[in-house]
Amino acid sequence: MKVVLLGGTSGMGRSIARILAERGDSTFLLGIPQTDLDASAADLTARSPKHEATGTALCDLEKPDTFAPALDAAEAALGGLDAVIVTAALFATQDQLEADIELTRRLVTVNYANTVVFCEHARKRLLAKGGGKLVVFSSVAGERGRKPVAIYGSSKAGITRYLEAMDHKFHAEGLRVLTVKPGFVKTGMTAGVKPPPFAGEPDQVAREVVAAMDAGKTVLYTPGMWALVMLVIRWLPRFVMRKIGF
Amino acid sequence: MSDPSPPPPSTSATKAVAGTSNTGLRASAPLRVLDGFGGSMRAASLYLKPRSLEEVEAAFEAARDDGLTVAFRGSGRSYGDAAIHEGGVVLDMTGLDRMLSWDPVSGIAECQPGLTIEGLWRRTITDGYWPAVVPGTMRPTLGGCLATNVHGKNNFKVGPIGDHVLDFDLLTTQGKTLRCSREENADVFHAAIGGLGLLGAFTRIRLKLRKVETGWLRVKALATANLADTFAQFEANLGKADYLVGWVDATAGGRALGRGQLHVANYVRADEDPDPETSFHVERQTLPNHVLGVPKSVLWRFMKPFMTNAGVRLVNGAKMLSSRLSNGTTYLQSHVAFAFLLDYVPNWRLAYGASGFLQYQVFLPKESAQATLREILELSQKRGMPSYLAVLKRHRPDAFLLTHALDGWSLAMDFKVPPGRAAALEEMTREMTELVLAAGGRFYFAKDGVLRAEDALRYLGADTVKTFLELKSRLDPDALLSSNLGRRIFATEPGSRLLPTRRPPSAVPTLVSFPPRAPAAGEVDDATPEPVIPAPAKVPGEVSAVASTLFARSADDAAKNRD
């Protein structure tokens, strides 16, 4: 399989890229900065059974004009495109966002508007080849308007709806969209935040994501327990949501 | 690609936007209570997890600006205080876990420091290579293995891990990167390996692995009747073994004192391989999922009730019986199953209960080892605090500055910290330390929590300590790098520059103590394998004024951010 990863240099993206490289898939990394891309590309090359070189291109989710050239470079280097995986996003706590409106603007722009723009570029390229897989990380934070993730969650709610619509619209043409909704996962993104019960490890989440992608699933809650947690949260009445801190 | 200027670090799309208000580490870095693997030593520190070398350098700068010192932490597998740092900054290096190159022809791997032994062997075994030296667990990072210069069950034959390192890059706190090998910066090479992370950060490690013909070892188990027999059988097998390790029943007294079981292991040759097709498959290198029918993830809970003197005596008695019945039997074992005994039972350290345990390893010259070990075992029994796990190994000297190795033997002992009687255990180990020092023995900092600066000075020698500290003041002139262990071992050396000058002298711990464990800590640990105790009732030490305000902030954050 020929796979492009945006955000494959760290956290869950790094774990997914390793699983793919170790089983012999061709990988191409998009992200920033170049030093990180180079180190991760070396890592994937060393892990690939046939030492297949991994290419890289700078692609910054804050700069939409980098998207098309980066995807072109990836497609050219791989000689095709079977899957695009997006794990990159911004995260900030609700306190940080409320204290800094500019940060709020950046976060919702990156997590919603720019991610949609990137996915549109990717979708067109996949469909031009008769279809393929689009795997994008949303979050359980987008399932319900919740106090601790009010703004971050809204950006993820937007991307969840977009991905759902892409699946409805283009499934018949061969596009397979997987919306990944991780619960709490212990990565650099959440370093320093106390892990709640059912916190996941990046490697475990990555294995589930790859399995779901291979199986052609549309939605993945990971770790699985979060599907149950969110089922309950989705049905809580408003007066309860106003009272609780979750 | 078309991006002309590299974006500033804070705009990285994959990163958390932390510390945007830019008020320094004290405000932006979360405070965490981290412990040593023994669970008996812990400290509150500001926690950072850099994901790139640039972030490591930035952390040095930020710490310097804030008047804080810095310690490194890998997987947190050092038993004592090597990777904890009260009131300072702890850099968790596990995010730098990439393999930079792997050459299956020469068997040379180049890695970042956060790659674990597990990450290494999983890649290399498929090409028929096994790390030349591994500790008893596969979880440690290579950076941590180098900083403590770990040894394995083959130390007598192949030396410590440092003997298999070709070269490394060391990032100093001055922002310089030194290429170190036996030829280039040889003094730094021999001091930073085993240098406890006090000289700089390993950023790139190149090491040579061992070519193995198969994925198997042939293991022979031998029962021994007493200490003299243990030594005699060990010595008799030394010449023909690739690995050799002894388990000693430290609860047995009288004529059975020092009885136990030896495991002699040899690499299996290609023509003896029962299943050459799959010999190097990763799936062959597994640990059992069940032990005696109990799933391994909950096994420690079954062990817990037996972690008393009587319980261990019972278990050891049963083990001796089975070892006598199976005396002399040989069997095949995968490299993983033989090497990583400590990984059979995840979270086994929790079986020791809330006050944890002290790991203490003594190294003794071959001439007097048996006599001194006899005294040590007798002493522990007389005090009613026998070691619940005691492991005997054979060693050879090496060229590293702060080395623990010598031409002789070592006994690694796990002592349960008796609740409320930590001082008695400390007192006993002090007597043992005296016996070891008098015999010309040495110690191992990754398995220590009780040595004092004067003890270390006695066995290392004033010249060695001086050389190390001179090197330190050259590479780290403003003493940015520190740790609880660093302060404990070097603090009282006259003229020491390790002592962080920014720290009030009253805050320097002179003797180790076992701070009481927070009431809920054990429960939290059960749920998360990370050695992190997130919510202590009280932050110990003089930093508490600063720390408690920090802690309040971070606990508040934690409560709010669950996604």
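All figures in this text were calculated on a predicted structure; none of them were measured in a lab. (Residues numbered from 1 in each chain as written. Chains lettered and ligands numbered in written order. Predicted model: local features only at pLDDT ≥ 70, side-chain atom pairs only at ≥ 80, totals over all residues. Heavy atoms only, no water.)

## Details of the overall build of chain B
Worth spelling out the cut-off: Helix and strand assignments come from DSSP, with helices taken as H or I runs of at least 4 residues and strands as E runs of at least 2, each series counted from the N terminus. Relative accessibility thresholds used throughout: buried, under 20% of the residue-type maximum; exposed, over 50%; partly exposed, between the two (1.4 Å probe, protein chains only). Note on contacts: a residue pair is in contact if any heavy atoms of the two residues lie within 4.5 Å. Reported accessibility uses the Shrake-Rupley method at a 1.4 Å probe radius. Residues are deemed covered only where the shown protein chains occlude them.
On a plain count of helices and strands, chain B comes out with 17 helices and 22 strands. Going through the 563 residues of chain B one by one, you find that 60% of them count as buried. Within chain B, contacts between residues separated by at least 24 positions form 73% of all contacts whose residues are at least 6 apart in sequence. Of the roughly 20,800 Å² of accessible surface on chain B, a fraction of 56% belongs to carbon and sulfur atoms.

## Quick look at the nonpolar core
What counts here: For the purposes of this section, nonpolar cores are sets of buried Ala, Val, Leu, Ile, Met, Phe, Trp, Tyr and Cys residues that join through side-chain atoms within 4.5 Å.
In this structure, Trp130, Phe168 and Val362 of chain B are the most contacted members of the largest nonpolar core, which totals 126 residues. Among the nonpolar cores identified, the runner-up in size contains 41 residues, and Val4, Ala57, Leu107 and Phe170 of chain A belong to it.

## Brief notes about the sheet that holds strand 3 (residues 55-58) of chain A
Residue and element names in this part refer to chain A. Our working definition: For two strands to be treated as a pair, DSSP must find at least two bridges joining them. All axes here are fitted lines through C-alpha atoms, helices being fitted over the stretch that makes contact, and every angle between N-to-C directions spans 0 to 180 degrees.
Taking strand neighbours across the sheet as the criterion, the seven strands line up as 3-2-1-4-5-6-7 in an open arrangement whose pairing is parallel. A strand with exactly one partner marks an edge of an open sheet, and here the two such strands are strand 3 and strand 7 (219-222). Strand-to-strand, the axes of this sheet are offset by a mean angle of 15°, without reference to chain direction. Against the sheet, helix 7 (residues 202-215) contacts strand 4 (83-86), strand 5 (132-137), strand 6 (175-182) and strand 7, and its axis sits at roughly 165° relative to strand 7.

## Section: the pattern of salt bridges
Where charged atoms from two side chains of opposite charge come close, those side chains can pair. For the record, the criterion: Between Lys or Arg on one side and Asp or Glu on the other, a salt bridge is scored when a side-chain nitrogen of the former is within 4 Å of a carboxyl oxygen of the latter.
Enumeration according to the criterion identifies 48 salt bridges over all chains in this entry. The salt bridge partner of Arg394 of chain B is Asp407 of chain B, with a shortest N-O separation of 3.0 Å. Of this pair, Arg394 of chain B sits in strand 19 (residues 389-395) while Asp407 of chain B sits in the loop between strand 19 and strand 20 (408-416); the two residues are 13 residues apart in sequence, bridging distant segments of the chain. What makes Arg394 of chain B buried here is its relative accessible area of 8%. Among the ionic contacts, a cluster of salt bridges with common partners joins Arg14, Arg18, Glu22, Asp43 and Arg47 of chain A together with Asp97 of chain B.

## What about the sheet that holds strand 6 (residues 108-111) of chain B?
The strands that make up a sheet are held in pairs by hydrogen bonds between backbone atoms, and each pair lies either parallel or antiparallel. All names here are of chain B. Strands sit in the order 5-6-10-8-9 across an open sheet of five strands; the sheet is antiparallel. The sheet terminates laterally at strand 5 (99-103) and strand 9 (177-181), the two strands that pair on one side only. Taking each pair of neighbouring strands and ignoring which way they run, the sheet shows an average axis angle of 10°. As paired elements, strand 8 (residues 165-171) and strand 9 share five bridges and run antiparallel to each other. By the bridge assignment, Asp167 is partnered in strand 9 with Ser181.

## Quick look at the environment of Ala439 of chain B
Considering the arrangement of structural elements, one finds Ala439 of chain B in the loop between helix 12 (422-438) and strand 21 (442-443). On a C-alpha basis, the gap between Ala439 of chain B and Val219 of chain B in space is 33 Å, while along the polypeptide they are 220 residues apart.

## Here's the deal with the confidence of the model for chain B
Low pLDDT marks regions whose predicted coordinates should not be analysed in detail. Residues and elements named next belong to chain B. Using the following cut-off: How sure the predictor is of each residue is captured by pLDDT, a score from 0 to 100.
When the pLDDT values of chain B are averaged, the result is 85; 83% of them are 70 or greater. Long-range and interchain partners of residues 1-21, a stretch whose pLDDT sits below 50, account for 53 contacts in this model, where long-range means more than four residues apart. In the model, residues 492-563 has pLDDT below 50 throughout and makes 143 contacts with residues more than four positions away in sequence or in other chains. Both scores are available for the predicted complex, with the pTM at 0.85 and the ipTM at 0.85.

## Some details on helix 7 of chain A
Residues and elements named next belong to chain A. As a reminder of what qualifies: Multiplying 1.5 Å by the residue count of a helix minus one yields the expected span of that helix. As used here, the arc is the angular range of directions from the helix axis to the C-beta atoms.
The terminal C-alpha atoms of helix 7, which comprises 14 residues, lie 20 Å apart, in line with the 20 Å expected from a rise of 1.5 Å per residue. Pro202, Val205, Ala206, Val209, Val210, Ala212 and Met213 are the residues of helix 7 that are buried. Seen from one end, helix 7 has its buried residues packed into an arc of 165°, which puts them on one side. Across helix 7 from its buried face, at more than 90 degrees, point the exposed residues Arg207 and Ala215. Contacts from the buried residues of helix 7 go to helix 1 (11-22), strand 4, strand 5, strand 6 and strand 7. Phi for Gly216, located one or two positions after helix 7, is positive at around 75°.

## Some points on the packing of helix 5 (residues 101-128) of chain A against helix 6 (residues 150-170) of chain A
Residues and elements named next belong to chain A. Note the threshold: Orientation categories follow fixed angle ranges, with anything under 35 degrees roughly parallel, anything over 145 roughly antiparallel, 65 to 115 roughly perpendicular, and all other angles oblique. Helix crossings get a hand from a simple test, with the near helix turned counterclockwise from the far one by less than a right angle marking a left-handed crossing and a clockwise turn marking a right-handed one.
For the pair helix 5 and helix 6, interaxial distance at closest approach is 9 Å and the crossing angle is 15°. Comparing their axes, helix 6 and helix 5 come out roughly parallel. Every pair of crossing elements has a handedness; the one defined by helix 5 and helix 6 is right-handed. Of the residues in helix 6, those in contact with Thr104, Leu107, Val108, Asn111, Tyr112, Thr115, Val116, Cys119, Glu120, Arg123 and Leu127 of helix 5 are Ile151, Tyr152, Ser155, Lys156, Gly158, Ile159, Tyr162, Met166 and Phe170.

## A word on a nonpolar patch on the surface
Stated formally: Patch membership is restricted to residues that have no salt bridge and whose relative accessible area is over 30%. Joining uses 9 Å for like charges and 5 Å for the nonpolar side chains Val, Leu, Ile, Met, Phe, Trp and Tyr.
On the surface, Phe198, Met225, Leu228, Leu231 and Trp235 of chain A cluster together into a nonpolar patch covering about 570 Å² of accessible area. Within the secondary structure layout, Phe198 of chain A lies in the loop between strand 6 and helix 7.

## Quick word on helix 3 (residues 117-124) of chain B
With seven of its eight residues buried, helix 3 of chain B lies for the most part within the structure. Looking only at helix 3 of chain B, the buried set comprises Ile117, Glu118, Gly119, Leu120, Trp121, Arg123 and Thr124 of chain B. Residues of helix 3 of chain B that are buried in the fold lie against helix 2 (34-47) of chain A together with strand 5, strand 6, strand 7 (129-130), helix 4 (142-148) and helix 10 (335-339) of chain B.

## Quick notes on the environment of Lys366 of chain B
All names here are of chain B. Which entries qualify depends on this criterion: Here a polar contact is recorded for every N or O atom pair within 3.5 Å, except that within protein the pair must consist of a potential hydrogen donor and a potential acceptor, and residues adjacent in sequence are included only if both atoms are side-chain atoms.
Relative to the helices and strands, Lys366 resides in the loop between strand 18 (357-365) and helix 11 (369-382). The exposure class assigned to Lys366 is partly exposed, which follows from its relative accessible area of 39%. In this structure the C-alpha to C-alpha distance between Lys366 and Leu100, which are 266 residues apart in sequence, comes to 41 Å. Not counting residues up to four positions away in its chain, the partners in contact with Lys366 are Arg394, Asp407, Gly408 and Trp409. A distance of 3.0 Å separates the side chain of Lys366 from the side chain of Asp407, its partner in a polar contact.

## Let's talk about a positive patch on the surface
Residues and elements named next belong to chain A. The condition that has to hold: Working convention for charge: Lys and Arg count positive, Asp and Glu count negative, and His plus the chain ends are omitted. Charged groups are reduced to one reference atom each: NZ for lysine, CZ for arginine, CG for aspartic acid, CD for glutamic acid.
Together, Lys147, Arg238, Arg242 and Lys243 give the surface a local cluster of positive charge. Checked against the element boundaries, Lys147 lands in the loop between strand 5 and helix 6. Assessed through its relative accessible area of 44%, Lys147 is described here as partly exposed.

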